[in-house]
Amino acid sequence: SEGNAPYLYKELGFKTAVGMPFKDIATSDSVFMRTLPAADDSKSRTSLRRMMEVGTGVIVPAEELEKNPLENAVALMSLTEAVAKNGKLP
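Turning next to the nonpolar core. Ranked by size, the top nonpolar core spans 14 residues in total, and within it Leu36, Leu48, Met51, Val58, Val60, Leu65 and Leu70 carry the most contacts. With 3 residues, the top contributor of residues to this core is helix 2 (residues 42-53). Among residues more than four places away in sequence, those in contact with leucine 65 are Leu36, Val60, Leu70, Ala73, Val74, Ala75 and Pro90.

Another aspect to go through is unusual backbone geometry. Here the phi dihedral of valine 18 falls at roughly 55°; this positive angle occurs in a residue that is not glycine. If you trace the backbone, valine 18 turns up in the loop between strand 1 (15-17) and strand 2 (20-22). Phi at asparagine 72 is positive, roughly 70°, even though this residue is not glycine.

Thresholds applied
- Residues numbered from 1 in each chain as written.
- Predicted model: local features only at pLDDT ≥ 70, side-chain atom pairs only at ≥ 80, totals over all residues.
- Heavy atoms only, no water.
- Core = buried A, V, L, I, M, F, W, Y, C linked by side-chain atoms within 4.5 Å.
- Buried < 20%, exposed > 50% of the residue type's maximum accessible area, 1.4 Å probe, protein only.
- Helix = DSSP H or I, 4+ residues; strand = E, 2+ residues; numbered from the N terminus.
- Contact = heavy atoms within 4.5 Å.

Dropping the structure here:
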């Protein structure tokens, strides 16, 4: 939720200015998320989008991205899965 965004930014090493995150030397470069916030959870999606806009990657299992897409997220899949899908990404 919106109230948790500052805590999330702090825990991942972001500095903030006017509530907006920006990267620092100690900021996580990527985060792995087994599940994503629902597409209609605009506050959580906005927090993720803001992190991505400053260069933090979001890695999500391919199955989750197929069910719940997030633009510019990185799909995690095994080489076997990638070959079976003929290189098609979610």
